[in-house]
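Architecture at a glance
Residues per chain, in single letters:
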Amino acid sequence: MKEHTRVVVIGGGIVGAAVLYHLTKLGWSDVVMVERKQLTAGSTWHAAGAFHSMNSDPNMAKLQAYAISVYKEVEKISGQDVGMHLTGGLNVAATPDRWENVRYEHEKLKVLGIESQLVGPGEIRDLCPIIDTRDVIGGLFVGNEGNLDPYGSTHALAKAARMAGAEVYLKTMVEDLVHKPDGSWTVVTDKGNIHCEHVVNAAGLWAREVGRMAGVHVPIVPMEHHYILTGDMDELAQWDGELPLVLDLDGEMYLRQERNGVLLGVYEKNSTPWSLDGTPWDYGESDLLEPRLENIEDELMRGFERYPAVADAGIRRIVNGPFTFAPDGNPLVGPVRGVQNYWSCCGVMAGFSQGSGIALALSQWMIEGEPEGDVFAMDVNRFGKFATKAYSIEKANEFYQNRFYLLCPNDEWPAARPNKVSAFHDRLVQANAVFGSSFGLELPLWFAPEGSEPVETPSFRRSNAHEPVAEECRAVRDGVGILDGSSFAKYEISGPDAEGFMEYLFASRLPELGKIRMGPLLLPSGHLKGDMTVMRLAQDKFRVIGSGYLQEFHMLWFEQHVGDRNVRIANRSDELSAIVIAGPGSRELMSLAASGDVSNESMPFMSVRSMDVGIAPCQVARLSFTGELGYEMYTPVVYARSLYDHLLEAGEKLGIKPFGIRALLSLGMEKSFGIWSREFSPDYTPVMCGFDRFVDYDKAGFIGREAALADRDSEPEHRLVTLEIDSIDADAWGYEPVWCKDEYAGFVTSGTYGHTVQKSLALAYIKTQFLNASKEEFSVHVVDQRRPAVILPEAAYDPSGSLMRS
Ligand SMILES: Cc1cc2nc3c(=O)[nH]c(=O)nc-3n(C[C@H](O)[C@H](O)[C@H](O)COP(=O)(O)OP(=O)(O)OC[C@H]3O[C@@H](n4cnc5c(N)ncnc54)[C@H](O)[C@@H]3O)c2cc1C
């Protein structure tokens, strides 16, 4: 066994093996894997081995498509058969809503370059002769799906890695991890110690334990999962085809062929979290759990109805095994904040679909500093302290039960809520707010009319929120609206070296004292890392505002780059509240409520001042995402409730009205303002999204400058534009394809109705060669229809920006 190596990967399941292979593939060969028993000894050995490419997050879907391509690659390199059955996958829809959704997914796959076909009941029967299609409306067939052998695929990855120089130590147990002052690690095993630069936690079912060895809380929960294997069926014995992987979405089950019988797996509503205090070390290798037939009875009965031959063939074997889920069902990948050189690669609930995609992203992160593209959906730093053990159990259970739930874009799931609430949550409840949740915090989405239940109907079309949101938008455009901004992330960067650090961090010029600037953060590759608002509170003190759900993601970035500068970086998000007022009446409200001079002369657009509002000490910033005259007030949480009450009272005669995030997004869309994770993400560069206007290319030494200069001087493949869509009762949501005549021209990043301009609007990245096409030639898929669209030459509302500057 080596005493020194670059990386120790802990865990020899499908994920650990994929990481080991990708580290070698990207050039690090001095790497080892430590496995306490045999390869596949955790969840991997008893998996159904099915893989598919669909995922609601498009970047995850791309990585899943990549993962599938790797199996053939490692089979060729290693000579180890991976047992690939590339049968294709069939997603079956049995309700009109699901059918609509399947057609929407079909369009989204075109954006990703993944081929799929819509099929009717007859074609479904041709592909799967044992299915009863009496209530089936249609389906989606994706050729690049199927199943493989868990043993063969894990061994092929590990062998290919070994052939490239990696070493694999079996029957070797990692017992402890010791962090050295220089950031390196001593991995303590029962066979001796290994000193290494990096540790990867790919310990699957035991990831919580391996987390604890480094003081890291891993928010995952093992869930029991059943599938049955049937006896042989004549229908299959006499057939010369092979069944595809069938996901019966409404039946909440999946099926694939196993010899002349089938494997039928279910996601039962009566789910069972397993071993909540930790996974026993003596579990694994060939252990299974006692089946709970009573828990899966309903789903099995549905299976027997859908596939009558299954009932006739009888159950040959029942498998019940545990595998892990993060609160939102996506993996936990990447560097763990505060624990240098400790990498998470766990919580993977679909290791065969996702393993190599995750491993590629992680290996790029470790070797090149960042993964290619936006992988936030699996970034371990999308969770913070709010993801406690109890929270994770409730959420993982909810996710498991809803694995095939028809998720509408306006869905909000109820488990583990309310968790964090803002200081004046009760006031929002009184005002009949409909809440969403972000980073564990309740935030008002919109306000239901008095006397009605504050509930939104899940829909792909305009919901019952449409009219109330229209009213909230009118209140802001015509009078004054008030918004709970508690969900904004609020950082403070201060100290003797703060200015130098900020100059290095941000691609923009820094604001002068008392001023505000938009501050893009760039990656060394020149792609976006952040879209922040920077305020200068003192010569050596900055307030930085961002999206609340990115707190850990941003803090990690700041901490990774501060070096030995004398700077204090503080996340004040939970200590400070933000209240936003916006609309033409907001200055009058401020003059009634605030102690300071809020005139345009004294407090122009993009300035910040300290003043009391009511009796609350505030930092008041003059800006607004709504495109109207507006102010943001930052105050310690303890003052926020009285501040909110004071503003409501002072604004009563001005007709003040609370508004929510939905109205904010609609108002912002009318101004063509983008948001992070949609228009802005590591997938895009400043020139692509129009952020080049904020970048100070003359400034020396900021992160990503060289690449930003190259970006400025070249023509991008896509540019961000605003579309007006001639739609009827629905708006685009994101990732719908945009067509120019019949050619694929780009994709939507977000869409909503612009209530002031009364237009369905969307932001979209369009390939630059189509930007000069004539107006009439564009169309966008909205839900299930191709609707005409035009590119707007400027923002739909107040393009000169005179109102917010007034
Ligand atoms: C019944 C069932 C059916 C499934 N079907 C599918 C499917 O069809 N498709 C799909 O994609 N996924 C499926 N899954 C999920 C899939 O099994 C998991 O996503 C995958 O196995 C996770 O792999 P892993 O490598 O992360 O973890 P694991 O397989 O749990 O591997 C972790 C490894 O780490 C080792 N280890 C842990 N701690 C230590 C330590 N301290 N020292 C040394 N070694 C250690 C363990 O021994 C183990 O081998 C299924 C799961 C179940 C239970």
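Residues numbered from 1 in each chain as written. Predicted model: local features only at pLDDT ≥ 70, side-chain atom pairs only at ≥ 80, totals over all residues. Heavy atoms only, no water.

Notes on the overall build of the protein
Put simply, the rule reads: Under the DSSP-based scheme used, a helix requires at least four consecutive residues in state H or I and a strand at least two consecutive residues in state E, with every element numbered from the N terminus. In this treatment the radius of gyration is a C-alpha quantity, and the globule benchmark scales as 2.2 Å times the residue count to the 0.38 power. Burial classes follow relative accessibility: with a 1.4 Å probe on protein chains only, a residue under 20% of its type's maximum area counts as buried, one over 50% as exposed, and anything between as partly exposed. The contact criterion used is simple: two residues touch if any of their non-hydrogen atoms lie within 4.5 Å. Only the protein chains shown count as cover for residues, and the accessible areas themselves come from Shrake-Rupley with a 1.4 Å probe. Counting rule applied: Lys, Arg positive; Asp, Glu negative; His and chain ends not counted. Charged side chains are reduced to one point each, which is NZ for Lys, CZ for Arg, CG for Asp and CD for Glu.
A count of helices and strands for the protein gives 21 helices and 37 strands. Against the 2.2 N^0.38 benchmark of 28 Å for 806 residues, the protein shows a C-alpha radius of gyration of 27 Å, consistent with a compact globule. With the C-alpha coordinates of the protein rotated into their principal frame, the extents come out at 80 × 65 × 50 Å. Counting every position in the protein, which comprises 806 residues, the buried fraction comes to 62%. For the protein, contacts bridging at least 24 residues in sequence account for 72% of all contacts bridging at least 6. Here the protein has roughly 29,900 Å² of accessible surface; of this, 48% comes from carbon and sulfur atoms. One way to put it: in the protein the 74 positive side-chain charges average out to a point 4 Å from where the 111 negative ones average out.

Here's the deal with the site of the ligand
Selection rule: Residue proximity to a molecule or strand is established when one non-hydrogen atom of the residue lies within 4 Å of it. In protein, a polar contact requires one atom able to donate a hydrogen and another able to accept it; more generally it is a pair of N or O atoms within 3.5 Å, and residues adjacent in sequence count only if both atoms are side-chain atoms. For this classification, the nonpolar set comprises Ala, Val, Leu, Ile, Met, Phe, Trp, Tyr, Cys and Pro, the charged set comprises Asp, Glu, Lys and Arg, and every other residue, Gly included, is treated as polar.
Inspection of the region around the ligand gives 39 residues, with Glu-35, Arg-36, Thr-44, Ala-50 and Val-348 positioned closest. One of the backbone N or O atoms of Ala-48 is found 2.9 Å from a nitrogen atom in the ligand. One of the backbone N or O atoms of Gly-351 is found 2.8 Å from an oxygen atom in the ligand. When the ligand sits alone it has 1,000 Å² of accessible area, and the protein chains cover 98% of it. Going through the elements one at a time, helix H1 (14-25), strand E12 (221-230), strand E16 (315-325) and helix H10 (351-368) are the ones with two or more residues in the shell around the ligand. The residue inventory of the shell around the ligand, partitioned by class, reads 23 nonpolar, 14 polar and two charged.

Re unusual backbone geometry
Between Arg-417 and Pro-418 the backbone carries a cis peptide bond, its omega angle lying at -10 degrees. With respect to the secondary-structure elements, Pro-418 resides in the loop between helix H11 (389-401) and helix H12 (425-430). For Tyr-735, which is not glycine, the phi dihedral falls at a positive 70 degrees. Exposure remark for Tyr-735: the relative accessible area of 16% places this residue in the buried category. Of note in the backbone geometry, Asp-798 takes a positive phi value of approximately 40 degrees without being a glycine. Looking at the secondary structure, you find Asp-798 in the loop between strand E37 (785-792) and helix H21 (802-805). A relative accessible area of 13% means that Asp-798 is categorised as buried.

Description of the sheet that holds strand E30 (residues 630-636)
Let me state the cut-off plainly: One requirement defines pairing of two strands: DSSP has to find at least two bridges between them. Throughout, an axis means a line fitted to C-alpha atoms (over the contacting stretch in the case of helices), and angles, computed between N-to-C directions, take values from 0 to 180 degrees.
On the basis of which strands lie adjacent, the open sheet formed by six strands has the order E28-E29-E30-E27-E21-E31 and mixed pairing. In this open sheet, the two strands that pair with only one neighbour each are strand E28 (608-613) and strand E31 (657-658). Where strand E21 (residues 481-484) meets strand E27 (residues 576-582), four bridges bridge the pair, whose relative direction is antiparallel. Across the sheet, Gly-481 pairs through a bridge with Ala-582, a residue of E27. Sheet strands touched by helix H16 (residues 586-593): E27, E28, strand E29 (616-621) and E30. Its angle to E30, the strand with the most contacts, is close to 35 degrees.

Structural notes on the sheet that holds strand E35 (residues 759-767)
Taken in spatial order, the six strands of this closed barrel run E32-E35-E34-E33-E36-E37, and their pairing is antiparallel. Averaged over neighbouring strand pairs, the angle between their axes works out to 40 degrees when direction is ignored. One ladder, built from three bridges, connects strand E33 (residues 737-740) with strand E36 (residues 778-782); its direction is antiparallel. Considered in E36, the bridge of Trp-739 is made with Ser-779. Here helix H3 (residues 96-112) sits on the sheet in contact with E33, strand E34 (743-754) and E36, set at roughly 75 degrees to E33. Across the sheet, helix H18 (residues 661-670) touches E34 and E35, and the angle it forms with E34 is around 125 degrees.

Details of the packing of H1 against helix H2 (residues 58-78)
Helices that pack against each other are described as a pair by the angle of their axes relative to one another and the distance between those axes. Rules: An angle below 35 degrees is treated as roughly parallel, one above 145 as roughly antiparallel, one from 65 to 115 as roughly perpendicular, and anything else as oblique.
The geometry of H1 relative to H2 is characterised by a closest axis approach of 12 Å and an angle of 75 degrees between their N-to-C directions. Here H1 is positioned roughly perpendicular relative to H2, judged by the angle of their axes. When H1 is examined against H2, the residues Ile-14, Tyr-21, His-22 and Lys-25 are found in contact with a partner set consisting of Tyr-66, Val-70, Tyr-71, Glu-73, Val-74 and Ile-77. Grouping the constituent residues of the contact of H1 with H2 by class yields seven nonpolar, one polar and two charged.

Topic: the pattern of salt bridges
To keep it simple, the criterion reads: One speaks of a salt bridge when a side-chain nitrogen belonging to Lys or Arg is within 4 Å of a carboxyl oxygen belonging to Asp or Glu.
Going through the model one piece at a time under the given rule, you end up with 45 salt bridges. As a salt-bridge pair, Glu-442 and Arg-417 come within 2.8 Å of each other at their nearest N and O atoms. One end of the pair, Glu-442, is in strand E20 (residues 441-447); the other, Arg-417, is in the loop between H11 and H12, with 25 residues separating them in the sequence. The exposure class assigned to Glu-442 is buried, which follows from its relative accessible area of 5%. Under the relative-accessibility criterion, Arg-417 is labelled partly exposed at 21%. A salt bridge links Asp-713 to Arg-712, with the shortest nitrogen-to-oxygen separation between them at 3.2 Å.

Quick look at the packing of H1 against helix H5 (residues 150-163)
Which entries qualify depends on this criterion: By the definition used in this description, the sense in which the near helix is turned from the far one sets the handedness, with an anticlockwise turn below a right angle giving left-handed and a clockwise turn giving right-handed.
Running from amino to carboxyl end, H1 crosses H5 at an angle of 25 degrees, the nearest separation of the two axes being 8 Å. Compared by their axis directions, H1 and H5 come out roughly parallel. Crossing hand, H1 versus H5: left-handed. Counted together, Ile-14, Ala-17, Ala-18, Leu-20, Tyr-21 and Thr-24 of H1 and Ser-153, Thr-154, Leu-157, Ala-158, Ala-160 and Ala-161 of H5 form the full contact between these two elements. Its residues assigned to classes, the contact of H1 with H5 comprises nine nonpolar, three polar and no charged.

Observations concerning H5
Quick reminder of the rule: Multiplying 1.5 Å by the residue count of a helix minus one yields the expected span of that helix.
Spanning 14 residues, H5 covers 20 Å between terminal C-alpha atoms, matching the ideal 20 Å at 1.5 Å per step. Three or more residues of H5 are buried, namely Pro-150, Gly-152, Ser-153, Thr-154, Ala-156, Leu-157, Ala-158, Ala-160 and Ala-161. Positive phi appears at Gly-165, one or two residues downstream of H5, with a value of about 115 degrees.

A few points about the pairing of strand E25 (residues 541-547)
In terms of burial, E25 is largely enclosed, as five of its seven residues are buried. Here strand E22 (residues 488-494) pairs with E25 via seven bridges, running antiparallel. In the sheet register, Ala-489 faces E25, and the bridge partner there is Gly-546. Of the strand pairs in this sheet, strand E24 (residues 528-538) and E25 are connected by five bridges, and their pairing is antiparallel. In the strand pairing of E25, Thr-533 is matched with Ile-545. Hairpin remark: E24 followed by E25, antiparallel, with two residues in the connecting loop.

Observations regarding the side chain of Thr-189
Within the secondary structure layout, Thr-189 lies in strand E10 (residues 185-189). Only 2.9 Å separates the side chain of Thr-189 from the backbone nitrogen of Lys-191, close enough to count as a polar contact. Only 2.6 Å separates the side chain of Thr-189 from the backbone oxygen of Gly-192, close enough to count as a polar contact.

Focus on the packing of aromatic side chains
The test is simple: Stacked, edge-to-face and tilted are the three classes for Phe, Tyr and Trp ring pairs, Trp counted by its six-membered ring, which pair at centre distances within 6.5 Å; planes under 30 degrees apart are stacked, over 60 edge-to-face, the rest tilted.
A complete count under the given rule lists 25 aromatic pairs for this structure. Arranged with centres 5.5 Å apart and planes meeting at 75 degrees, the rings of Tyr-267 and Phe-404 form a pair that is edge-to-face. Of this pair, Tyr-267 sits in the loop between strand E15 (261-266) and helix H8 (293-306) while Phe-404 sits in the loop between H11 and H12, and the two are 137 residues apart along the sequence. Looking at Tyr-267, the relative accessible area reads 6%, which means it is buried. Between the aromatic rings of Phe-383 and Phe-386, the centroid separation amounts to 6.1 Å while the plane-to-plane angle is 45 degrees, which identifies the pairing as tilted.

A short note on a negative patch on the surface
Inclusion rule: Think of a patch as exposed residues, more than 30% relative accessible area, with no salt bridge, where like charges cluster within 9 Å and nonpolar side chains (Val, Leu, Ile, Met, Phe, Trp, Tyr) cluster within 5 Å.
On the surface, Asp-232, Asp-234, Glu-235 and Asp-312 cluster together into a negatively charged patch. You can see Glu-235 is positioned in helix H7 (residues 234-237). Look at Glu-235 and you get partly exposed, because its relative accessible area is 41%.

Thoughts on the nonpolar core
Note the threshold: Here the nonpolar core consists of buried residues drawn from Ala, Val, Leu, Ile, Met, Phe, Trp, Tyr and Cys, with membership extended through side-chain atoms lying within 4.5 Å.
One finds Val-19 and Val-200 to be the most contacted residues of the largest nonpolar core, which totals 49 residues. Contributing elements (two or more residues each) for this core: strand E1 (4-10), H1, strand E2 (31-34), H2, H5, strand E18 (342-346) and H10. Here Val-19 is in contact with Val-9, Val-200, Cys-345, Ala-359, Leu-362 and Ser-363, once residues within four sequence places are set aside. Listed in part, the 38 residues of the second largest apolar core include Val-32, Val-34, Ala-214 and Phe-383.

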